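Residue-level structural notes
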Amino acid sequence: MKTKNLLYLLLSLGIFIGCTPEEGELLDFSKVEIEKVELGADAEQLIADGVATLTLVPHLYQVTEGKDGEKIYGRIPEDRLSGDMVKYFMEDGTELEGPEYKTTDVSKGKVSFYITANGMKSDLFTVKLRKPFAEDEYETITYPVVFHVLQTTESVTGGAKLDASLIYEFFNTMVKTFERKVAFGPNSVDTRIRFQLAEYTPDGTKMQEKGINRWSGPKDGGNWHWIEVDGIEFCIKYDLANYVFWDYKKYLNIWIVENRPGTIGTVTIPPQFILTGTEPLKGISPLMREKTEEEFEAMSKDDFKLSDIGMMFELTQFSTGNDLPLGQLGQVGQFFGLLPTEFAGEEITSDYCEDTVPYDIYREEWYDNNGNDANNRLKVTEDGLLFYSTNIMDFYSFRNAITMDQMKRIRTITDNCPLRWAWKSKWAFTGKED
């Protein structure tokens, strides 16, 4: 759930447990010895593929006096620890070089660790090992992506044209996240989904900007008027179809529309259709209608919504990520069948993935004089395990990880939703029939 640098950030927060001081009270750690040593980690399971990396998290405590002289345990801030104070070991006593661990040996089913600090030893922390996907279990597929940018002429000529660099930044982040190239968390995987910018238009013309198709119209009157009157769904599918509605069999369409306060991507919108006989996808399957491949082939644009073949963002939301609770990448996850990892009940999350963790934001009201959370990406499980959110479907997250169970959901959609089979076409890259 985090890489090595996140460990140091966690330790530097100086979070305290047990009895806590009153708001605004300062604690003096300069003259107190370590009284307790505990070990945690950023997950309780690890994919044994030699790439996924577990980060062990030491918790060192000292006893000090709080207000009115009561004894409290205080977590020692990282900047008070010398570099060699903590040593990391396997259960059999083998010393590790540092807090990170990865393996390809899944035979034992689990692995345990402990730490020592100033002569004190922690209890064992045990992690379940998980067998990775077989190399041939999923085909590597490539989606041709086109971003349709719809803006008023006044915005474009007035200097508010959406810069291509913002689009490419988002695109590159999406590519690297789905390929597991941003971080190597203990549960993260390469989804074997690739994204590539389209180079040719539907009529075979070379695109002026790779992967970007722009349309603009005057704010008053003209086609922009129809956007406001008919609604964006109708306008893109019909009024502007020749400009911004590209064949879903050849392109993954992403629309970025100026001045649309509500976007398709701001709520969970599962696919409406799935191939007959597909194993039900928990959480959204009751909403999905089964069709044969022949029935899919006979569908027209009157039979589906834009959200069935692509994604939509309001321009400001896309540029800043504001008002998108799951960020831009969370909307991509929703498009591919993922659900938010909200806490839904005892030991379960609402996303039906066993390798995502039920969590709450870790709060210490006294830590911030303003009553704000010190870092809302820091989460805590029901059993007290602290971790930094890295999953693309976590609320308040670094959003650079997708788990094995999430990949299963994603590939159920990519492999069994013909409305999302643009990956089968190479037209966008060649301008020619396959």
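What you are looking at is a predicted structure, and each value in this text was computed from that prediction instead of being measured. (Residues numbered from 1 in each chain as written. Predicted model: local features only at pLDDT ≥ 70, side-chain atom pairs only at ≥ 80, totals over all residues. Heavy atoms only, no water.)

**Details of the environment of S425**
Secondary-structure assignment places S425 in the loop between α10 (404-416) and α11 (427-430). Expressed as a C-alpha distance, the spacing of S425 and K250, which sit 175 residues apart in the sequence, is 5.3 Å. With sequence-adjacent residues up to four places away left out, S425 is seen in contact with P144, K249, K250 and D434. (Helix = DSSP H or I, 4+ residues; strand = E, 2+ residues; numbered from the N terminus. Contact = heavy atoms within 4.5 Å.)

**Some words on unusual backbone geometry**
Here the phi dihedral of R180 falls at roughly 55 degrees; this positive angle occurs in a residue that is not glycine. Along the chain, R180 turns up in the loop between α3 (164-178) and β11 (193-197). Residues other than glycine seldom take positive phi values, yet R192 does so here, at roughly 60 degrees. Its place among the elements puts R192 in the loop between α3 and β11.

**Details of the sheet that holds strand β19 (residues 360-361)**
An order of β19-β20-β21 is seen for the three strands of this open sheet, with the pairing classed as antiparallel. Lying at the two open borders of the sheet, with one neighbouring strand each, are β19 and β21 (386-388). Judged from the two bridges that link them, β19 and strand β20 (residues 378-380) form a sheet pairing that is antiparallel. Considered in β20, the bridge of D360 is made with V380. (Pairing = 2+ DSSP bridges.)

**Regarding the layout of surface pockets**
Considered as a void within the structure, the second largest pocket measures approximately 340 Å³ in volume. Residue assignment for the lining of the second largest pocket shows that the elements contributing at least two residues are α3, α8 (315-320) and α9 (327-335). Counting residues per element, the lining of the second largest pocket draws most heavily on α3, at four residues. (1 Å grid on protein atoms, 1.4 Å probe; cavity = no way out; pocket = protein on both sides within 12 Å on 5 of 7 lines; lining within 4 Å. Points joined across faces, edges and corners; volume = space filled by probe spheres on them.)

**A short note on the confidence of the model for the chain**
A low pLDDT means the predicted coordinates there should not be read in detail. With 82% of its residues at a pLDDT of 70 or more, the chain has an overall mean of 83. β11 holds the highest mean pLDDT among the elements of the chain, 98, whereas helix α1 (residues 4-12) holds the lowest, 35. Taken as a whole, residues 1-30 scores under 50 in pLDDT and shows 100 contacts with residues more than four places along the chain or in a different chain. Contacts for the low-pLDDT stretch residues 365-373, under 50 throughout, to residues beyond four places or in other chains number 17 contacts. (pLDDT = per-residue confidence, 0-100.)

**Quick notes on the packing of aromatic side chains**
In total, this model carries 19 aromatic pairs according to the counting rule given. Their ring planes at 80 degrees and their centres at 6.1 Å tell us that F147 and F170 sit as a pair that is edge-to-face. Pair noted here: F147 is in strand β10 (residues 141-152) and F170 is in helix α3, with a separation of 23 residues, a long-range link. Of the two residues, F147 and F170, both sit in the buried class. Ring plane angle 75 degrees and centroid distance 5.3 Å describe the contact between Y248 and F304, whose orientation is recorded as edge-to-face. Taken together, the residues Y248 in the loop between α6 (241-244) and β13 (252-257) and F304 in the loop between α7 (293-297) and β16 (310-314) connect sequence positions 56 residues apart. Here Y248 and F304 have matching classes, each one buried. (Phe/Tyr/Trp six-rings, centres within 6.5 Å; stacked < 30°, edge-to-face > 60°. Buried < 20%, exposed > 50% of the residue type's maximum accessible area, 1.4 Å probe, protein only.)

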